[in-house]
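# Structural overview
The residues making up each chain are set out below.
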Amino acid sequence: MISLPLLFRGKVRDVYEVPGDRLLLVASDRVSAFDVVMAEPVPAKGRVLTQITAWWLGTHLDGVPHHVISLRPGEIAEAVPALAGSESGWAGRSTLVRRTRPLPVECVVRGYLSGSAWKEYRESGTLAGEPLPTGLAESDPLVPAIFSPATKATEGHDENITFEQMAGIVGADLAAELRRRSLDIYERGRAAAAECGIILADTKFEFGIAPDGRLIIIDEVLTPDSSRFWPREHYRRGRPQPSLDKQPLRDHLDGLADWNKQYPPPPLPQRVIAAAAERYREVFRRLTGTELEEYEAPRFGGSGR
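For the structure given in this document, a descriptive report is provided here. Note that this is a predicted model, so its numbers are computed, not measured. (Residues numbered from 1 in each chain as written. Predicted model: local features only at pLDDT ≥ 70, side-chain atom pairs only at ≥ 80, totals over all residues. Heavy atoms only, no water.)

Moving on, we come to the packing of aromatic side chains. Describing an aromatic ring pair means giving the distance of the ring centres and the angle of the ring planes. Within this structure, the stated rule accounts for 8 aromatic pairs. When the ring of W230 is compared with that of Y235, the centres are 6.1 Å apart and the planes differ by 20°; the resulting orientation is stacked. One aromatic cluster is present, formed by Y112, W230 and Y235 through successive ring pairs. For R179, the ring lying beneath its charged end belongs to F163, and the centroid distance is 3.9 Å. For the cation-ring pair, K261 lies above F34, with the distance from its terminal atom to the ring centre recorded as 4.9 Å. (Phe/Tyr/Trp six-rings, centres within 6.5 Å; stacked < 30°, edge-to-face > 60°. Lys NZ or Arg CZ within 6 Å of the ring centre and 35° of its normal.)

Pasting the structure below:
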């Protein structure tokens with residue numbers, strides 16, 4: 001039990017208010033598919049999302065301004081006395097952050113033609129309303145990678161929008177800076193993942209405005225819930241790719257003839273839960289070279305960057 005005011009409960013994350021204009025982000029083991037939260041959790045999923053974000057920010061994204069104050073349980077408990085003595089409920093899956101004003105857009109970067117991008121291209125030859133070259137196949141690379149923003153949806157799916165529509169929401173100068181930063185972070189992630197035999201097919205970022213007016217990245221970064229990670233050894237163009245995420249769960253649900261993809265969700269077999277849990281652990285292991293239980297999050301200086 002976390003003795004802090006609950007600000008927001010999402011599909012995966014619980015957000016708590018912390019004195020001093022701070023927030024505690026707690027990544028649960030809840031898992032959703034087709035916008036429905038399953039009844040069963042995926043063990044250690046929240047820890048993977050939290051620690052993989054820590055790894056990216058502390059290594060290949062060093063120098064990228066972000067909202068993280070600390071991910072280390074000892075530091076968090078010292079900074080937030082209300083949490084002391086209750087580590088079992090949040091340690092390893094929580095991030096203490098500075099509060100920001102989140103921007104109302106998702107910053108999506110696509111390096112391969114997949115998911116909703118492939119669906120739109122197949123139907124109209126476009127991506128977010130912009131024409132793409134003819135003759136592309138599913139899972140083909142997009143060179144260069146394409147910045148494809150979306151609106152944030154509190155329920156259901158985000159909706160792809162054009163860059164001009166995004167500029168109308170946040171302003172032209174800020175939209176241009178969001179595109180520049182998103183493409184830069186994607187390229188850093190793509191290069192690092194490639195060294196581990198992983199294709200970073202696409203990803204999405206969220207940004208916010210800090211109290212001092214700076215634009216900083218917020219929420220999770222380059223995780224298997226915000227990105228498509230494909231094992232390079234299994235890549236074949238012209239078809240969907242196996243992903244290092246909750247794909248076993250989606251595949252199982254897709255094969256159920258008696259579920260209409262509405263609440264309530266069907267029960268999940270233990271083998272499906274175990275397979276999804278192993279996918280999350282595998283992408284963490286392949287990227288970091290470390291087992292989840294052995295990883296220690298870096299220090300971020302206590303105030304973000």
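With that out of the way, let us pick up the packing of helix α4 (residues 163–170) against helix α5 (residues 172–195). Where α4 contacts α5, the two axes come as close as 7 Å, and the packing angle between them is 125°. What the angle tells us is that α4 and α5 run oblique. Crossing of α4 over α5 shows right-handed handedness. Between α4 and α5, the contacting residues are F163, M166, A167 and V170 on the first element and A172, L174, A175, A176, L178 and R179 on the second. (Axes fitted to C-alpha atoms, helices over the stretch in contact; angles between N-to-C directions. Helix = DSSP H or I, 4+ residues; strand = E, 2+ residues; numbered from the N terminus. Parallel < 35°, antiparallel > 145°, perpendicular 65-115°, else oblique. Left-handed = near helix turned anticlockwise from the far one by under 90°. Contact = heavy atoms within 4.5 Å.)

For strand β2 (residues 13–18), the buried fraction is high: 5 of the 6 residues fall into the buried class. Across 3 bridges, strand β1 (residues 6–9) lies against β2 in antiparallel orientation. By the bridge assignment for β2, R9 is matched with D14. Hairpin connection between β1 and β2: a loop of 3 residues separates the two successive antiparallel strands. (Buried < 20%, exposed > 50% of the residue type's maximum accessible area, 1.4 Å probe, protein only. Pairing = 2+ DSSP bridges.)

Turning next to the sheet that holds strand β3 (residues 22–27). Backbone-to-backbone hydrogen bonds join strands into a sheet, with any given pair of strands oriented parallel or antiparallel. Here 5 strands make up an open sheet; going across it, the order is β1-β2-β3-β7-β6 and the pairing antiparallel. Two strands lie at the open edges of the sheet, namely β1 and β6 (68–70), each paired on one side alone. Along the sheet, successive strands turn relative to each other by an average axial angle of 30°, direction set aside. Pairing of β2 with β3 involves 6 bridges; the strand directions are antiparallel. Within β3, the position partnered with D14 by the bridge is V26.

Let us now look at the pattern of salt bridges. One pass over the full model with this rule turns up 26 salt bridges. The residue E177 makes a salt bridge to R181 at a minimum N-O spacing of 2.8 Å. Here E177 and its partner R181 are both found in helix α5, 4 residues apart, which amounts to about one turn of the helix. Between R286 and E282 there is a salt bridge whose closest N-O contact spans 3.4 Å. Linking R286 with E282, this pair stays in helix α7 (residues 270–288), spanning 4 residues, or about one helical turn. Under the relative-accessibility criterion, R286 is labelled partly exposed at 22%. For E282, a relative accessible area of 23% gives the class partly exposed. (Salt bridge = Lys/Arg side-chain N within 4 Å of Asp/Glu carboxyl O.)

The amide bond that connects V143 to the next residue, P144, takes the cis arrangement and shows omega of -5°. If you trace the backbone, P144 turns up in strand β12 (residues 141–147). With an omega dihedral of 5°, the bond running from Y263 to P264 counts as a cis peptide bond. One can find P264 in the loop between α6 (247–254) and α7.

With that out of the way, let us pick up the environment of D202. Of note, D202 is situated in strand β15 (residues 198–209). Along the backbone, D202 and E293 are 91 residues apart, and their C-alpha atoms lie at a distance of 27 Å. Not counting residues up to four positions away in its chain, the partners in contact with D202 are V109, R110, G111, Y186, S226, S227 and R228. At 2.6 Å, the side chain of D202 forms a polar contact with the side chain of R228. (Polar contact = N/O pair within 3.5 Å; in protein donor to acceptor, adjacent residues only side chain to side chain.)

Moving on, we come to the pairing of strand β16 (residues 215–218). Along β16, one buried face is formed by L215 and I217 and the opposite face, lined by I216 and I218, is buried too. The hairpin formed by β15 and β16 contains 5 residues between the paired strands, and G213 there has a positive phi angle of roughly 90°.

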